[in-house]
Structures are given as structure tokens and as C-alpha cells.
Amino acid sequence: MSASQANGHAEGGTRLYLSVWAALLAMTMVEVVLAYIQLSVVLMLVILMGLSVIKAALIVAYFMHLRFESASLVWTLVPMWVMVTCLLFVFFPDSFRLFELRWP
Amino acid sequence: MAAAGVNQAGASLWGGGTSPYAISSKKLGMWLFIVSDALTFGTMLIAYSYVRVASEDWPTPFHFWPSIIVASIMTFCLLSSSITMVMAVAAAKEGKVSSAVRWIWFTILGGVLFLVLHANEWRELIHEGLRPFENPWGAPLFGGTFMALTGLHMLHVTIGVIVLGIMAAGLKRGRYTADHVEISGLYWHFVDLVWMFIFPLVYLLSVDRG
């Protein structure tokens, strides 16, 4: 436990939460602008997903307070989700060759 | 983060510490629900991407006005309702019940605004001819994936609004504690988080560049 949690007060405080909120809004606006810039699909996907993962991490860490919970909780929740989601991508290459797989 | 392996009581986890996660069982339950729900949404987003990659002529029906502007406003509503939820949890923890209830009502307002804008968008798209398995623009499965994804998310927002309404009413009467507010806040932030993936993947990758 960190010292601030021991006295029962929530970590961060209003200013931290407001800056997280502002960062989330700024990243959303960057995403909207990106949608109207001609980029290759792959580059676009990488940037959009990268920004979304950062936004999700900010929400989970600060709004959902996971950064201030015990490490064992983080290790129980996050790797499980990442591993199962990665396993789902096992099927994904099929989508690129679905037309060749189709009968007849 | 806590020091490794030491819980609130100071006993080692390996020595049979009583509360390995140092949180209430209700909160752990909500976290486990959230992580399984995150898998559901992750699966649906992957399925959507799969169908999209495997289809020819994927529709791009989202014009800058009104679709993208309105979807951005919806994102703003959800993000802002998250920050008001944070304020509600903070107020509830400090024992300021009426302040917490007020912040919860602001959160509900953000959620309801989101739902109204989203339902209106569905109505317009359906009016333009969008159906689960056909549409006037291209790949027929667009409707099915769009409606399944955003529909399930809308259902989550609706449930969140109802839960928060019950919280606001119960908190006033002293039926619920700050813990309950925090746990419903966890759910609300999760609904916000899911939208952070639906918005770029469904909307921003399907903009109509004219």
C-alpha cells in the first residue's frame, strides 16, 4: 500500500483526473483528424489502435483506479485478457484468404 | 502498487493472508465481470474486423456531417460522464452524500444524451435502408456487425444508466455506501472504455471521403 492509501484518501485528486480527461479528449480529436488524412490502411490501423490502447490504459489505470490496487489484482486480470485475445487472432489469417477457401 | 506479497493485515500471502487482493469481494466480482465482458467485446470487435477484411466493397456510409460530428459528440458525452463519475466516487468516499448524488445525476445525463444521439443515428441509418443482412451501400454483413456491436454497447449504457439511477436513489436514503458507488463506477468506466475502441474501428475507418 502506498502512504496516501493508508490514510484512506483517494489517490490522484481532481487535477490528475481532469488532466487524464483532457488527454483522452485530445487523443480522440487526433483520431478524428487522422480519419481524414490519406494514409495506408496498415499505418492508419496501427496509429488508431495505438491511441485507443493508450486511452484504454489511462481509463483503467486512473478512472478505474487499477494503478492504485494491489499488484496481484493487476496480474490476475490483465495477462489473462491479453492472452485470450491473442489466441482469438489465431483465426484471423483465414479472413485474408477466405475467397480462395470458398467452394466452389 | 502494494509491496509484493504483503496484504492489508501485514500477513504474508504465502502464509495464508486473508485478503490476497486487498479489496472487497464485491469489487473483485465486478472486476472479474468486467474482464469477461471485455473478452466478449474483444471477440466481437475481432469478428467485425474479420468480416470486414473478408468482404469486398465494405460500406463507408459515415459522412462528416452528421455521423462523425455526432459520434464525436457522443464520445465527448461518455468521456465527460466518466469524469463526473470519478467526482461522484470521490464525493461519496468523503461522505458528501448530496454532492455524490448530484455528480451521479450528471453522469446519468451524459449517458442518456449518448443514448438519444445513438438511437437517433440508428433511426436515420435504418431510414436510409440499413438492415442486418442488406444495405444499399455494399457488403451485406455491414448491418449485422454494426448493429450487433453498437447495439450490445447501447445495452450496456442503458443498464449502466439504470444502475446509476438506482444508486442515486439508494444513496440518498442511505441504502448504499461509497463502496457501491465505486463498484458501479467501475462498470461505467468500462462502458466508456469499450466505446474508445468502437469509435475508431467502426466509425473512423468507415468515413465517407466523398
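Just above sits the structure.
Fair warning: this is a prediction, and the values are worked out from it, not measured in the lab.

Caption draft 1: Examining the overall build of chain B more closely. Across its full length, chain B carries five helices and zero strands. Once the C-alpha set of chain B is aligned to its principal axes, its extents read approximately 65 × 40 × 25 Å. Here chain B holds 210 residues, and 38% of them are scored as buried. Long-range pairs, those at least 24 residues apart, make up 70% of the contacts in chain B between residues at least 6 apart in sequence.

Caption draft 2: A look at helix α2 (residues 14–35) of chain A. In this model, α2(A) (22 residues) spans 32 Å end to end at C-alpha, consistent with the 32 Å of a helix rising 1.5 Å per residue. Those residues of α2(A) that sit buried are V20(A), W21(A), L24(A), T28(A), E31(A) and A35(A). Buried residues of α2(A), seen end-on, are gathered within an arc of 100° and therefore sit on one face of the element. Of the residues in α2(A), the exposed ones pointing more than 90 degrees away from the buried face are R15(A), A22(A), A26(A) and V33(A). Buried residues in α2(A) make contact with α3 (41–63) of chain A together with α2 (64–93) and α5 (178–203) of chain B.

Caption draft 3: Structural detail: the environment of W75(A). Among the secondary structure elements, W75(A) is positioned in helix α4 (residues 71–88). Owing to 10 C-beta atoms within 10 Å, W75(A) belongs among the exposed residues under this scheme.

Caption draft 4: A look at the interface of chain A and chain B. Counting from both sides, the interface comprises 36 residues of chain A and, opposite them, 36 residues of chain B. Of all elements in the fold, only α2, α3, α4 and α5 (93–96) of chain A reach the threshold of two or more residues within the side of chain A that touches chain B.

Caption draft 5: A look at the packing of α3(A) against α5(B). At a minimum axis distance of 9 Å, the contact between α3(A) and α5(B) shows a crossing angle of 175°. In terms of axis orientation, α3(A) runs roughly antiparallel to α5(B). Contacts from L48(A), S52(A), K55(A), A56(A), I59(A), V60(A) and F63(A) in α3(A) reach H189(B), D192(B), L193(B), M196(B), F197(B) and P200(B) in α5(B). Residue composition of the contact of α3(A) with α5(B), grouped by class: nine nonpolar, two polar and two charged.

Cut-off values and rules
- Residues numbered from 1 in each chain as written.
- Chains lettered and ligands numbered in written order.
- Predicted model: local features only at pLDDT ≥ 70, side-chain atom pairs only at ≥ 80, totals over all residues.
- Helix = DSSP H or I, 4+ residues; strand = E, 2+ residues; numbered from the N terminus.
- Buried ≥ 20, exposed ≤ 12 C-beta atoms within 10 Å, placed from the backbone.
- Contact = placed C-beta atoms within 7 Å.
- Expected span 1.5 Å × (residues − 1).
- Arc of directions from axis to C-beta.
- Axes fitted to C-alpha atoms, helices over the stretch in contact; angles between N-to-C directions.
- Parallel < 35°, antiparallel > 145°, perpendicular 65-115°, else oblique.
- Nonpolar A, V, L, I, M, F, W, Y, C, P; charged D, E, K, R; others polar.

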